[in-house]
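So the chains spell out like this:
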Amino acid sequence: QVQLVESGGGLVQPGGSLRLSCAASRNIFSIHGMGWYRQAPGKQRELVTRISTGDSTNFVADSVKGRFTMSRDNAKNTVYLQMNNLKPEDTAVYYCYARYFGQDYWGQGTQVTVSS
């Protein structure tokens, strides 16, 4: 199994930046896919961005292109979501995601609130 622990959420003003971290319990190069989802109040959980273990970008939501960037640090078994130019509509609980041998794993979520 894979355990995922997110951190880095908080309150930020529009136009500000946050960096979310997701620490995995396994070497992330052995995890077949990782990404970030988010869920706003009253909304379905949506995929924000996802990358393969080869660090190829599989998907980036149009709503965050040019503003959010996912990266990885294999030595720390950690992936990051750098969020720049945040907008109020980015307010949501953000979840780290991993797919490993056909199973989905989720972090506990971290709240991001963008408000002036």
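For the structure, see preceding data.
Thresholds applied
Residues numbered from 1 in each chain as written. Predicted model: local features only at pLDDT ≥ 70, side-chain atom pairs only at ≥ 80, totals over all residues. Heavy atoms only, no water. Helix = DSSP H or I, 4+ residues; strand = E, 2+ residues; numbered from the N terminus. Buried < 20%, exposed > 50% of the residue type's maximum accessible area, 1.4 Å probe, protein only. Polar contact = N/O pair within 3.5 Å; in protein donor to acceptor, adjacent residues only side chain to side chain. Pairing = 2+ DSSP bridges. Axes fitted to C-alpha atoms, helices over the stretch in contact; angles between N-to-C directions.

K.L.:
Got a minute to help me understand the environment of Asp104 in this structure?
P.N.:
With respect to the helices and strands, Asp104 occurs in strand β10 (residues 103-106). A residue is classified by how much of its surface remains accessible, and Asp104, at 40% relative accessible area, is partly exposed. Here the side chain of Asp104 touches Tyr97 through a polar contact of 2.9 Å, side chain to side chain. For Asp104, the side chain forms a polar contact with the side chain of Arg99, separated by 2.6 Å.

K.L.:
Help me understand the sheet that holds strand β3 (residues 18-24), please; the structure alone is not making it clear to me.
P.N.:
Neighbouring strands of a sheet are bound in pairs by backbone hydrogen bonds; such pairs are parallel or else antiparallel. Taken in spatial order, the four strands line up as β1-β3-β8-β7 in an open sheet, and their pairing is antiparallel. What marks the edges here is a single partner per strand, and that holds for β1 (4-7) and β7 (68-73). Strand after strand, the sheet turns through a mean of 20 degrees between neighbouring axes, direction not considered. In this structure, β3 lies alongside strand β8 (residues 78-83), joined through six bridges in antiparallel fashion. Counted as the bridge partner of Ser21 is Tyr80 from β8.

Fair warning: the whole summary comes from geometry, so function is off the table for now.
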